[in-house]
Amino acid sequence: MRLGGVVGVLAASCLVAGCAQGTGDSEEETSDASFDSNATLSGTVEVMGFGAGDEIATTRLDRAKKELGDAKVELVEGDLDIQQFLSSVASGKPPSLVYAERSQIGTFASRGAVVPLTDCIEGEGIDTSVFRKSALDEVTFDDEVYGIPEFNVVQLTQANADLLQQSGHTIDDVNGSDWDAVLQADKDMTKTQGGDLQTIGYDSKLPEFLPLWAKANGADLISADGRTAQLDDPEVVEALEWAVSVYDAQGGFGEVKALRDSADFFGDGNQFASGTLGAMPMEQWYVNVLNDVSPNAPMAFDTVRDEQGEPIAWASGSAWAIPKGSPDPEAACRMARVMTETDSWIAAAEARVAMRKKDGGLFTGILTANEDADEQIRAMAPTDGDDAWSQAVAAMYEANDHTFSMPANPAGDEFEQAWQDEVNKVLTGDKDPADALADAREAAQQALDEAWATWDEK
Amino acid sequence: MSLAAPASTGTAAPARPPRRRGGSGRHRAWIPLLFISPWLVGFLVFMAYPVVYTGYLSLTDYDVINDPTFLGLDNYRELVSDEKVMLALRNTFVYTLMSVPAQLVFSLVLALLLQRAGRAAGFFRTAFFLPKMTPPVAVGVLLLMLLNGQSGLLNELLGWFGINGPNWTTDPDWVKPGLVVTSLWTVGSSVIILLAALQQVPDELLDAARVDGASWWRRLWHVVLPIISPTIYFIVVVDTIASLQSFTEAYTAFFGAGNTTYSNDAALFYAIYLFQQAFEFLHMGYASAMAVLLFAIVMVVTAVQVMLSRRYVHYTGGAR
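Reading the values: the criteria
Residues numbered from 1 in each chain as written. Chains lettered and ligands numbered in written order. Predicted model: local features only at pLDDT ≥ 70, side-chain atom pairs only at ≥ 80, totals over all residues. Heavy atoms only, no water. UniProt positions renumbered as here; feature names shortened; annotations may be inferred. Pairing = 2+ DSSP bridges. Helix = DSSP H or I, 4+ residues; strand = E, 2+ residues; numbered from the N terminus. Axes fitted to C-alpha atoms, helices over the stretch in contact; angles between N-to-C directions. Phe/Tyr/Trp six-rings, centres within 6.5 Å; stacked < 30°, edge-to-face > 60°. Buried < 20%, exposed > 50% of the residue type's maximum accessible area, 1.4 Å probe, protein only. Lys NZ or Arg CZ within 6 Å of the ring centre and 35° of its normal. Patch = residues over 30% accessible without salt bridge, like charges linked within 9 Å, V, L, I, M, F, W, Y side chains within 5 Å. Areas by Shrake-Rupley, 256 points an atom, 1.4 Å probe, with all protein chains shown as cover. Salt bridge = Lys/Arg side-chain N within 4 Å of Asp/Glu carboxyl O. Parallel < 35°, antiparallel > 145°, perpendicular 65-115°, else oblique. Left-handed = near helix turned anticlockwise from the far one by under 90°. Contact = heavy atoms within 4.5 Å.

By the naming in an unreviewed UniProt entry, chain B is Sugar ABC transporter permease, taken from Nocardioides potassii. For chain B, the Subcellular location (unreviewed entry) comment in UniProt is given as "Cell membrane". Of chain B, the UniProt comment under Sequence similarities (unreviewed entry) reads exactly: "Belongs to the binding-protein-dependent transport system permease family."

With an unreviewed UniProt entry as reference, chain A is termed Extracellular solute-binding protein, source organism Nocardioides potassii.

(A) Broad picture of the sheet that holds strand 3 (residues 97–101) of chain A. All names here are of chain A. An order of 2-1-3-13-6 is seen for the five strands of this open sheet, with the pairing classed as mixed. The outermost strands of the open sheet, each flanked by one partner alone, are strand 2 (72–76) and strand 6 (148–153). This sheet shows a mean twist of 20 degrees between the axes of neighbouring strands, independent of strand direction. One ladder, built from two bridges, connects strand 1 (residues 44–48) with strand 3; its direction is parallel. The partner of methionine 48 across the bridge, within strand 3, is valine 98.

(B) How the structure looks around the packing of aromatic side chains. Counted by the stated rule, this structure contains 32 aromatic pairs over all chains. Look at tyrosine 251 of chain B and phenylalanine 255 of chain B: their rings are 6.3 Å apart centre to centre, the planes differ by 20 degrees, and that puts the pair in the stacked class. A ring pair is formed by phenylalanine 275 of chain B and phenylalanine 279 of chain B, whose centres lie 5.2 Å apart and whose planes are at 50 degrees; its orientation type is tilted. With phenylalanine 275 of chain B and phenylalanine 279 of chain B both in helix 12 (residues 270–280), this residue pair falls four residues apart, about one helical turn. With respect to class, phenylalanine 275 of chain B is no different from phenylalanine 279 of chain B; both count as buried. An aromatic cluster is present here, built from Phe247, Tyr251, Phe255, Phe275 and Phe279 of chain B joined pairwise through their rings. The aromatic ring of tryptophan 345 of chain A is capped on one face by arginine 60 of chain A, whose charged end is 4.1 Å from the ring centroid. Over the ring of tryptophan 452 of chain A we find arginine 227 of chain A, and its NZ or CZ is 3.9 Å from the ring centre.

(C) Geometry of the UniProt feature "transmembrane region" (unreviewed entry) in chain B. Residue and element names in this part refer to chain B. Per the UniProt record, "transmembrane region" (unreviewed entry) is found at residues 29–52, 93–114, 135–154, 174–198, 219–238, 250–275 and 287–308. Helix makes up 100% of residues 29–52 and strand 0%. Its end C-alpha atoms lie 28 Å apart. Across residues 219–238, the secondary structure splits into 100% helix and 0% strand, with the terminal C-alpha atoms separated by 27 Å.

(D) Up close: a nonpolar patch on the surface. All names here are of chain B. On the surface, a nonpolar cluster with roughly 770 Å² of combined accessible area is contributed by Trp39, Val41, Phe43, Leu44, Val45, Phe46, Met47 and Val51. Mapped onto the elements of the fold, valine 45 is located in helix 1 (residues 25–57). Judged by its relative accessible area of 34%, valine 45 falls in the partly exposed class.

(E) Broad picture of the packing of helix 10 (residues 234–248) of chain A against helix 17 (residues 412–427) of chain A. Residue and element names in this part refer to chain A. Where helix 10 contacts helix 17, the two axes come as close as 11 Å, and the packing angle between them is 45 degrees. Here helix 10 lies oblique to helix 17, going by the angle between them. Note on packing geometry: the crossing formed by helix 10 with helix 17 is right-handed. Across the interface between the two elements, Leu240, Val244 and Tyr247 from helix 10 touch Val423, Val426 and Leu427 from helix 17.

(F) Focus on the pattern of salt bridges. Residues and elements named next belong to chain A. Throughout the structure, instances matching the rule amount to 31 salt bridges over all chains. A salt bridge links glutamate 150 to arginine 60; the shortest N-O distance between them is 2.7 Å. Within this pair, whereas glutamate 150 is found in strand 6, its partner arginine 60 is found in helix 2 (residues 55–68), the two being separated by 90 residues in sequence. Between glutamate 138 and arginine 102 there is a salt bridge, with the nearest N and O atoms lying 3.1 Å from each other. With a gap of 36 residues between them, glutamate 138 in helix 6 (residues 133–138) and arginine 102 in helix 4 (residues 102–110) connect regions that are remote in the sequence. Accessibility expressed as a relative area gives 4% for glutamate 138, which makes it buried.

Encoded structure:
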């Protein structure tokens, strides 16, 4: 993108948003909306950020359409374009409903782009007690719920059973419960040839999984109220030092990343199938990929575990939110309810089971933020077999019961960028972990202070 | 031969020039404007207004949703103290200083070779230009594959000569050279422009130099380059501006979604940081100040190039 492009995009913002200034402090919101689960609805629910790409989506969408009665649903498919969404809110022409990452909800809420859902939850009778606490926390900003949590994403330890066996290790050595054992297994599984790395022993997945390793070591990157950065906590520093040492033992992050990037991540030549990776923590959806493209890969699974051996997972996922100025908040609220209620998830899971059965594939479960739904879906999935895929599904549900999340805050992206930038500097050898995290804390705290000050002034 | 005077009409008033169809002169002045109005409207709406509005936003705190709050020059003060702005500027200047000469020399070499290609020139012209048609996002992805330290084609080639290539995409010292190498792939348009200029060099001048005993190198240095210097100047100006605004390839390779969360400070170009501020952190006012600063930098650099051109660029016939 050249200067013209940058100015052009800024221009587009100006044309759409700038010209429509004045919506910022208005109190239109959804104050005149009347939420009632028995009300007859009409109009069109325009949904931004949601795509009905599989049976999990279409089954629930069909239920939602039925419950919406005369109201029609119109999807603006594709991942949420934040710029497009915010511009639409600023110009007074927002969609009725938005589907976003839960980590974005705090930022949207602090800027007044989405509205509190207290009335919606009450009027539509949404049972928030069924939602996992970590998921609900992530969409709760300044004590008000701004999003209805949907899917859940957790990490599992995923390993090549053959490499473990050949090096005299088991899955327990790489699940994170003993960092020395992980480091030893890392060294034992690492293979080099002519100075070039051939097999990654263990990939600690930096920078993205620093929050997971910090939590496993007993620390949070940010305080529970979302106001204080705790990046220079000695336990975070220790976690980073250890996670980096995993790469150092293999010749450095550059070597590992080069080999990681050369892999056919989504194909049958993936790192596990090709025997070029010993173990790593990875989100549970990758189990589906592996099962699809390399069902015979020698896999072993477990949860990620903390130093006490307890399962631990950093939960993230999606949520439904109602934009400020939504033209049809009542229908939007009902759709959010139906898409996330237990019966809808069960119907979706049944559709997935039938589809898998027809294709001769394995149903590996669905992970939602709805505990009731998860419990029932868990019973449909194989969790008690001896094979690796059953282990994976069992580990996935176990991890889902032991999740933590980052609290919602108004500077989510800047906070994340602050620590990721500094972790990257450690990985490239430009800084040592303690200095990097001290600098990260300073930058993150400044971003938080500025964002919270703006919110507190409102 | 004499010219007969027009017959006098006595006291009659001088005849008024015949009135043409189409209205008065004042009205006629609007006709050209009417014809170019689609461009004018486009320019005003999509260029002039946004530029002026960007200037205004640069003086405000604006997050797209809420009304801009006037800050005066605060954004510009923050720019000066922002370490990442300085880092991004340094990266951008270093990349520009490396890529512009490299692209120019590479284009010139290819153009000189093409000039001698004879009947095959048409094929090679097309071949050299094709990469230019490749979307920059694809080039960014390609960069990661070609320059992969483990399995990349470039290190494979270096390996044939016994050279153990670096980790181009992860080693901060090699990230910018890697981007420069990739940029050489898309010099097609410069090659075509230079080839056209080379074909305009008068044969008699080259023959005269040859008769005087000038070698190929001296003919190139003393005859060809001075004559094509306006073209070289044009390419340098355009490539410099483009390099100062580099974004897509580096963003795709090092900051895009496909790269998860790993980024590399060595690839943080100014336009990338501007984009992050505007569209990831929603600091539209600050990003606007950055855009204004970049605009000023481009203007200054171009002005310096214009001044230098008076000394180093030779215009045949004095036409500028």
